[in-house]
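# Chain and residue survey
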Amino acid sequence: LAISSLLLLTDYIIKITYIDYPFKNNHPYKGMLISAENYQEMQEICNYIKENNANGINVKILSHRSMWYLIQLHQFNGEMDLPFYGNLGKDGEDGLIENIQKLENTKILILKEGEKRFQESKKVENYIRQSYEKVEEISSFDVYYIK
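## Some words on the sheet that holds strand 4 (residues 141–146)
Within a sheet, each strand pairs with its neighbour through backbone hydrogen bonds, oriented either parallel or antiparallel. Read from one edge of the open sheet, four strands run 1-2-4-3, paired in mixed fashion. The outermost strands of the open sheet, each flanked by one partner alone, are strand 1 (58–62) and strand 3 (133–138). Adjacent strand axes in the sheet meet at a mean angle of 30° when their direction is disregarded. Judged from the six bridges that link them, strand 2 (residues 106–111) and strand 4 form a sheet pairing that is antiparallel. Within the sheet, the bridge partner assigned to Leu 109 lies in strand 4 and is Val 143.

Structure representation (structure tokens):
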């Protein structure tokens, strides 16, 4: 067990030290091993958020993946960042829907149909799909716009 642990630790250190590694020492994800595909998606979504913010449009991501992007951008969207049932507070799904109804000039990203979900609220997702216009797709997300 000790030898296996030592070998795994050595392999990990070699990967993050000597191989072309996407995250530098000052990056929030330093030490995280990530596939090239996931890294590309992270860059694409982060650039999308930056561009929209520069044009005065807020972007919210209702997904367990939101942390991949928002930690890098130093942004926080409260309960919308990780909309699991246990994170929605006493008002639950209805409270989150009320908060979404108050938004203006905002794009909301939700996972496309068929993408793997964890505990995201289906009720909130259905509300967004039925109430707002889908304006585009980016990576694994459908984008809905709230005017």
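## A short note on helix 4 (residues 92–101)
Structural remark: α-helix, 3.6 residues per turn; residues separated by three or four positions point the same way. By the burial criterion, the buried members of helix 4 are Gly 92, Gly 95, Leu 96, Ile 97 and Ile 100. Elements in contact with the buried residues of helix 4: strand 1, strand 2, helix 5 (122–131) and strand 4.

## Focus: the packing of aromatic side chains
Throughout the structure, instances matching the rule amount to three aromatic pairs. Their ring planes at 85° and their centres at 5.8 Å tell us that Tyr 127 and Tyr 132 sit as a pair that is edge-to-face. Neither residue differs from the other here; Tyr 127 and Tyr 132 are each classed as buried.

## Concerning a nonpolar patch on the surface
Together, Leu 6, Leu 9 and Ile 13 make up a nonpolar patch on the protein surface, roughly 280 Å² of accessible area in all. Along the chain, Leu 9 turns up in helix 1 (residues 2–18). The exposure class of Leu 9 is partly exposed, given its relative accessible area of 45%.

## Considerations on the packing of helix 4 against helix 5
Contact pair helix 4 / helix 5: the axes reach a minimum separation of 9 Å and the direction vectors enclose 30°. Our classification of the angle between helix 4 and helix 5 gives roughly parallel. Between helix 4 and helix 5 the crossing geometry is right-handed. Every residue of helix 5 that contacts helix 4 at Glu 93, Asp 94, Leu 96, Ile 97, Ile 100 and Gln 101 is listed here: Lys 122, Lys 123, Val 124, Tyr 127 and Ile 128. Partitioned by chemical class, the residues of the contact of helix 4 with helix 5 number six nonpolar, one polar and four charged.

Definitions and limits used
- Residues numbered from 1 in each chain as written.
- Predicted model: local features only at pLDDT ≥ 70, side-chain atom pairs only at ≥ 80, totals over all residues.
- Heavy atoms only, no water.
- Pairing = 2+ DSSP bridges.
- Helix = DSSP H or I, 4+ residues; strand = E, 2+ residues; numbered from the N terminus.
- Axes fitted to C-alpha atoms, helices over the stretch in contact; angles between N-to-C directions.
- Buried < 20%, exposed > 50% of the residue type's maximum accessible area, 1.4 Å probe, protein only.
- Contact = heavy atoms within 4.5 Å.
- Phe/Tyr/Trp six-rings, centres within 6.5 Å; stacked < 30°, edge-to-face > 60°.
- Patch = residues over 30% accessible without salt bridge, like charges linked within 9 Å, V, L, I, M, F, W, Y side chains within 5 Å.
- Areas by Shrake-Rupley, 256 points an atom, 1.4 Å probe, with all protein chains shown as cover.
- Salt bridge = Lys/Arg side-chain N within 4 Å of Asp/Glu carboxyl O.
- Parallel < 35°, antiparallel > 145°, perpendicular 65-115°, else oblique.
- Left-handed = near helix turned anticlockwise from the far one by under 90°.
- Nonpolar A, V, L, I, M, F, W, Y, C, P; charged D, E, K, R; others polar.

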